[in-house]
Amino acid sequence: MSQRVLTTESGAPVADNQNSATAGVGGPLLLQDQHLLEKLARFNRERIPERVVHARGSGAYGYFEVTDDVTGFTKAAFLSEVGKRTETFIRFSTVADSLGGADAVRDPRGFALKFYTEEGNYDLVGNNTPVFFIKDPIKFPDFIHSQKRDPFTGKQEPDNVWDFWAHSPESTHQITWLFGDRGIPASYRHMHGFGSHTYQWTNEAGEAFFVKYHFKTNQGIRSLSAEQAAELVGKDANSHQTDLLQAIERGVNPSWTLYVQVMPAAEAADYRFNPFDLTKVWPHADYPLQRVGRLVLDRNPDNVFAEVEQAAFSPNNFVPGIGSSPDKMLQGRLFAYADAHRYRLGVNHTLLPVNAPKATTAQNYGRDGFMATRNGSRHDKNYEPNSYQGPAQTDAALSAPLAIHGWTGTHEAPAHVKDDDFFQAGELYRLMSEDEKGRLVANIAGSLSQVSREDVIEKNVAHFAAADPEYGRRVAEAVAALRD
């Protein structure tokens, strides 16, 4: 095999890649050294802005295989028959820390999945918890600011974290998840994934259903204690990346079984709590899990930057048979995710290989912009409608329409019978064993006891007490013991 020739960006051969051009031996560098200037200028631009959240991530390719008939609920083509396989790409991530952060930390994990379907890409963007801290997207920037590095100290501050939670009682359920035994997964392979939001499925007859996605790990749940995590971070800050990469390279392909909860659309209005509230789960007794298929990861990316860092997931990437719901947090993310990618990667980020459709071809009238590679030709018009056989609409809605009524304005979510912020957190606490409760209380107290203001501590303790009196009492006692 002959040696390949090193070239500049324009394809010209490089004569010397070891020595810069100088004005004589030992002299100053020359501005005319195009190869040197090009290398340095490009090097300065190798990094793109990291994600504001979910900056630290890992990814893998795989496939989704349908194992059960769900055509009664959705007309999505990739779910149309048992045995059908669809190529996928997944990105796991932590939420709060920066790109250089450690993997084994107490933080929710992103679980973002891209299905390369024959009807276009379908993106499902969720977490490893079925709920979240807030229920309205207008609070999201404030929530993230409270969890990220403080502008003055340059580090995460318990005062900020718990002060926001003290004023956001709806966070109590997710806090109970986060500080419980599953708050630090042992690896990405050993945790569940959830769509978290409520989505809409529509079948061929036009019937609408609301659904929640549950990806159950087939490797079993494994988590770390705070002490185990601290030790692991000291040994390998990239522990989750290492584990995922090595497992797939060994041929130990991780997998998850997908289940859904299905609620007929007509039942949503009178359900005992708001079914579109992201801080709540649907009890399985009301809507049992129904199996759909399995997700298998079997190939590592060849280039982490190109395929993991540049991977862009947008919840508004739906396919026929799947759509949104009145979930306010989902509605906000329909805009925010795609806009984040337009900022980070440019308006043409959907043309990058990891983001482009694989089982079909994107055809539209989007043109030009930064790094445009698909501008059309003399035969292509850049407007619609036209008389030149350009792409045209199908007149077939992706999903069923949602009925709306009332006045415009800023409204709290409609009240249901059990729409309070604490009862599900209390139910979760009471499901725990005594040992689990002890670890939960110790984890919360270890963090909450670092807060400097007593009133912030008292507000948070009151939330735990509202969920369960014993829960609040034990947290209060544990915090007091640590602050003595």
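Here the structure is shown first, and the text comes after it.
A few points on the structure. This structure is a prediction, so every number in the text was calculated from the model and none was measured.

## As for the environment of Ala229
In this fold, Ala229 is placed in helix H5 (residues 226-235). Separated by 47 residues in sequence, Ala229 and Arg182 place their C-alpha atoms 12 Å apart. Excluding its chain neighbours within four sequence positions, the residues that come into contact with Ala229 are Ala104, Ile184 and Leu224.

## Remarks on the packing of aromatic side chains
For the coordinates displayed, the defined rule picks out 35 aromatic pairs. A centroid spacing of 4.9 Å and a plane angle of 10 degrees characterise the contact between Phe92 and Tyr188, whose relative ring orientation is stacked. With Phe92 in strand E2 (residues 85-94) and Tyr188 in the loop between helix H4 (172-178) and strand E5 (193-194), this residue pair connects regions lying 96 residues apart in the sequence. In this structure, Phe92 and Tyr188 share a single accessibility class: buried. Taken together, a centroid distance of 5.7 Å and an interplanar angle of 75 degrees make the contact between Tyr199 and Tyr213 edge-to-face.

## Points about the packing of helix H2 (residues 140-147) against helix H3 (residues 158-166)
Put simply, H2 and H3 touch, their axes get as near as 7 Å, and they point 145 degrees apart. Along the contact surface, H2 presents Asp142, Phe143, Ser146 and Gln147, while H3 presents Asn160, Val161, Phe164 and Trp165. Considering only residue class, the contact of H2 with H3 consists of four nonpolar, three polar and one charged.

## Digging into the pattern of salt bridges
Summed over the entire model, instances satisfying the criterion amount to 31 salt bridges. The partner of Glu9 in a salt bridge is Arg42, and the shortest N-O contact between them spans 3.5 Å. One end of the pair, Glu9, is in the segment before helix H1 (34-44); the other, Arg42, is in helix H1, and 33 residues separate them in sequence. You'll find Glu9 and Arg42 in the same group, each marked exposed. The residue Arg189 makes a salt bridge to Asp243 at a minimum N-O spacing of 2.6 Å. With Arg189 in the loop between H4 and E5 and Asp243 in helix H6 (residues 239-249), this residue pair connects regions lying 54 residues apart in the sequence. Sharing partners across several salt bridges, the network here consists of Arg51, Arg91, Glu309 and Arg344.

## Considering the pairing of strand E8 (residues 255-264)
Across a regular strand the side chains alternate sides, sitting on one face of the sheet and then on the other. The element E8 is extensively covered by neighbouring structure, given that eight of its 10 residues are classed as buried. For strand E7 (residues 208-217) and E8, the ladder comprises nine bridges, and the chain directions are antiparallel. Looking across to E8, one finds that Tyr213 is bridged to Val260. One ladder, built from six bridges, connects E8 with strand E9 (residues 290-299); its direction is antiparallel. Within E9, the residue paired with Tyr259 across the bridge is Arg291.

Scoring rules and cut-offs
Residues numbered from 1 in each chain as written. Predicted model: local features only at pLDDT ≥ 70, side-chain atom pairs only at ≥ 80, totals over all residues. Heavy atoms only, no water. Helix = DSSP H or I, 4+ residues; strand = E, 2+ residues; numbered from the N terminus. Contact = heavy atoms within 4.5 Å. Phe/Tyr/Trp six-rings, centres within 6.5 Å; stacked < 30°, edge-to-face > 60°. Buried < 20%, exposed > 50% of the residue type's maximum accessible area, 1.4 Å probe, protein only. Axes fitted to C-alpha atoms, helices over the stretch in contact; angles between N-to-C directions. Nonpolar A, V, L, I, M, F, W, Y, C, P; charged D, E, K, R; others polar. Salt bridge = Lys/Arg side-chain N within 4 Å of Asp/Glu carboxyl O. Pairing = 2+ DSSP bridges.

Shape descriptors only; they carry no functional weight alone.
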